[in-house]
Amino acid sequence: MVLLKNLLKEVYNVHKGKVERTLITKFGELEFERAYYKNINENNYVYILDELLGIEKYERVEGNLKGDILDKSTDVSYKDARYLNTSRTCYG
């Protein structure tokens, strides 16, 4: 962990700290904060946490939940879909 911190300091500078993000998951909304870094060597910007977690740039709904929603869409009518919530969609 210390090695990783030292590597981050050598390559990245914090450009913005505590940038909020919300991701909708099977378990509800996940709200978290992460830092926006500038890569000194490549002169670009990145959210390292997003890359580590595999979250796409404009993704708002978790990939697994998207699949579950698509599966349910074939089983449930449009009219009845209004009664579904995230936890029921995935587990009920």
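These remarks concern the structure in this document. These figures come from a predicted structure and were not determined experimentally. (Residues numbered from 1 in each chain as written. Predicted model: local features only at pLDDT ≥ 70, side-chain atom pairs only at ≥ 80, totals over all residues. Heavy atoms only, no water.)

1. With respect to the sheet that holds strand E3 (residues 44-46)
Line of reasoning, step 1. Ordered by their spatial adjacency, three strands build an open sheet running E1-E2-E3, and the pairing between neighbours is antiparallel. The open sheet has two edge strands with one neighbour each: strand E1 (12-25) and E3. Each strand axis lies, on average, 20° off the axis of its neighbour in the sheet, ignoring direction.
Line of reasoning, step 2. One ladder, built from 11 bridges, connects E1 with strand E2 (residues 28-39); its direction is antiparallel. (Pairing = 2+ DSSP bridges. Helix = DSSP H or I, 4+ residues; strand = E, 2+ residues; numbered from the N terminus. Axes fitted to C-alpha atoms, helices over the stretch in contact; angles between N-to-C directions.)

2. Considerations on the pattern of salt bridges
Line of reasoning, step 1. Taken as a whole and assessed by the stated rule, the structure comprises two salt bridges.
Line of reasoning, step 2. Here Asp50 makes a salt bridge to Arg21, at a shortest N to O gap of 2.8 Å. A residue pair is termed long-range when its members are at least 10 positions apart, and Asp50 in helix H2 (residues 48-53) and Arg21 in strand E1 qualify at 29 residues. Here the two residues Asp50 and Arg21 agree in accessibility, since each one is buried.
Line of reasoning, step 3. The shortest N-O distance in the salt bridge between Arg34 and Asp50 comes to 3.1 Å. Of this pair, Arg34 sits in strand E2 while Asp50 is found in helix H2, placing the two residues 16 residues apart along the sequence. The pair formed by Arg34 and Asp50 is uniform in burial state, with each residue classed as buried. (Salt bridge = Lys/Arg side-chain N within 4 Å of Asp/Glu carboxyl O. Buried < 20%, exposed > 50% of the residue type's maximum accessible area, 1.4 Å probe, protein only.)

The values are spatial; any link to function lies outside them.
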